[in-house]
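Geometric and topological summary
Below, each chain spelled out in residue letters.
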Amino acid sequence: MDCCRSANPFRLCSALRVLGSFMVFLVLAIVTLSYYAVVVVAWGPRLSHGFPVSVLASAIIVVFHLLLALLIWSYFMVVFHDPGAVPANWRPLLDEESLERTASATLSDYIAPETRASTSATLEGIERRPNTGYCTRCQNGKPARCHHCSVCQRCVLKMDHHCVWVVNCVGARNYKFFLLFLIYTFLETLLDTFVLLPNFVKFFGDARKHSGSPGNLAVTFLAFVLNLAFALSLLCFVGMHTSLVLSNTTTIEVYEKKKAVIWKYDLGKRKNFEQVFGTKKLLWFLPLFSAEDLEKIPALKGLDFPTRSDLVL
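Residues numbered from 1 in each chain as written. Predicted model: local features only at pLDDT ≥ 70, side-chain atom pairs only at ≥ 80, totals over all residues. Heavy atoms only, no water.

If you check an unreviewed UniProt entry, the protein appears there as S-acyltransferase from Musa troglodytarum. According to its UniProt record, the protein has this under Sequence similarities (unreviewed entry): "Belongs to the DHHC palmitoyltransferase family." The annotation that UniProt attaches to the protein under Catalytic activity (unreviewed entry) is "L-cysteinyl-[protein] + hexadecanoyl-CoA = S-hexadecanoyl-L-cysteinyl-[protein] + CoA". (UniProt positions renumbered as here; feature names shortened; annotations may be inferred.)

Some remarks on the overall build of the protein
Assigned secondary structure in the protein consists of eleven helices and six strands. Within the protein, the proportion of its 313 residues that are buried is 45%. Of the contacts made within the protein by residues no fewer than 6 positions apart, 65% connect residues no fewer than 24 positions apart. By element, 67% of the accessible surface of the protein is carried by carbon and sulfur atoms, the whole surface being about 16700 Å². (Helix = DSSP H or I, 4+ residues; strand = E, 2+ residues; numbered from the N terminus. Buried < 20%, exposed > 50% of the residue type's maximum accessible area, 1.4 Å probe, protein only. Contact = heavy atoms within 4.5 Å. Areas by Shrake-Rupley, 256 points an atom, 1.4 Å probe, with all protein chains shown as cover.)

Focus: the side chain of glutamate 188
Counting through the fold element by element, glutamate 188 comes out in helix 6 (residues 175-209). Despite its burial, glutamate 188 remains without a salt bridge, the nearest opposite charge being carried by arginine 46 at 16 Å. Those residues in contact with glutamate 188, other than ones at most four positions away along the chain, are Phe64, Leu67, Leu68, Leu71 and Asn227. (Lys, Arg positive; Asp, Glu negative; His and termini not counted. Salt bridge = Lys/Arg side-chain N within 4 Å of Asp/Glu carboxyl O.)

Thoughts on the pattern of salt bridges
As enumerated under the stated definition, the model contains six salt bridges in all. Glutamate 274 is paired through a salt bridge with arginine 270; the nearest N and O atoms lie 3.2 Å apart. Pair noted here: glutamate 274 and arginine 270 are both in helix 9 (residues 269-277), with a separation of four residues, about one helical turn. Given the relative accessible area of 5%, glutamate 274 is considered buried. Under the relative-accessibility criterion, arginine 270 is labelled partly exposed at 49%.

Thoughts on a nonpolar patch on the surface
Residues Phe25, Leu28, Phe76 and Phe80 make up a contiguous nonpolar surface patch of roughly 450 Å² in combined accessible area. Listing elements by their share of the nonpolar patch, those giving two or more residues are helix 2 (15-43) and helix 3 (53-80). Tracing the backbone through its elements, the reader meets leucine 28 in helix 2. Look at leucine 28 and you get partly exposed, because its relative accessible area is 35%. (Patch = residues over 30% accessible without salt bridge, like charges linked within 9 Å, V, L, I, M, F, W, Y side chains within 5 Å.)

Side note on the packing of aromatic side chains
Within the structure shown, the criterion is met by twelve aromatic pairs. Seen in terms of ring centroids, tyrosine 75 and phenylalanine 181 are 4.9 Å apart; in terms of plane orientation they differ by 45°. Their pairing is tilted. Of this pair, tyrosine 75 sits in helix 3 while phenylalanine 181 sits in helix 6, and the two are 106 residues apart along the sequence. Look at tryptophan 263 and tyrosine 265: their rings are 5.4 Å apart centre to centre, the planes differ by 70°, and that puts the pair in the edge-to-face class. Summarising the burial analysis for this pair, tryptophan 263 and tyrosine 265 share the class buried. (Phe/Tyr/Trp six-rings, centres within 6.5 Å; stacked < 30°, edge-to-face > 60°.)

Notes on helix 7 (residues 214-246)
Between its first and last C-alpha, helix 7 extends 48 Å over 33 residues, near the 48 Å set by a 1.5 Å rise per residue. Among all positions of helix 7, only Leu217, Val219, Thr220, Ala223, Phe224, Asn227, Ala231, Leu234, Val238, His241, Leu244 and Val245 are buried. Positioned one or two residues after helix 7, asparagine 248 has a phi angle of 55°, which is positive. (Expected span 1.5 Å × (residues − 1).)

Following this line, the structure appears as structure tokens:
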């Protein structure tokens, strides 16, 4: 038994923390490289050109900085924001009064109209006896949709996955920030690819003529290739997570959902979206939540989740 315990492969997962720290520096290095290529080399010098080149250069630089600010803001929010931890000695609420109070707020606010029509006035819309468990590693209860992360070595609420790029788990309380980071990074890399394309084409002519700074040529070439590669790969991730958000599914739950006749957490696309991004439209595109949403949407806390009533058991 001691030999098996010492050979536990999950101990190797802690090495991913070191890798994650390296990935943070890699992200910052790619951002710096792209900034130098787009602003300093490609379009900054064109600000002094005449109309309409200067107008186009100004527009590109403004949009570039706006996306960059939103990207960095979202990135550090997902890096430093706790994805959600299980409170010590947590146990599910089973008393009738607490369930009725939670259900009355949850059913009316977070179940789509087409689903609500088939929902009775009882507690069918919220799990009366949620799929809770017990984590032998944390020695604590596990709420529904909670999973133990072998890298973070703790249970994470509504865990989606552990991301080495952000050195953190992605869970109930920082999933929105992660999605915004994906979206803004995709838009930024897509913009960089298009605005660097003329310089990339020109690169081969300058290389043959031995004109231009070798350092600037290398930076332009590398920045274009990296941004193109990231834009193509992020397109797949953005598409995948969009599908997951609209079906109220996490990456971990994909296999479980395939086995279910009706996915119990699917409340309709709009309500599914609001369980991640909140109800305040002005904050949908910012890595922030309103105090009202944090108070009224149980899913953002990661401990309680409304469910459908029209389930086939």
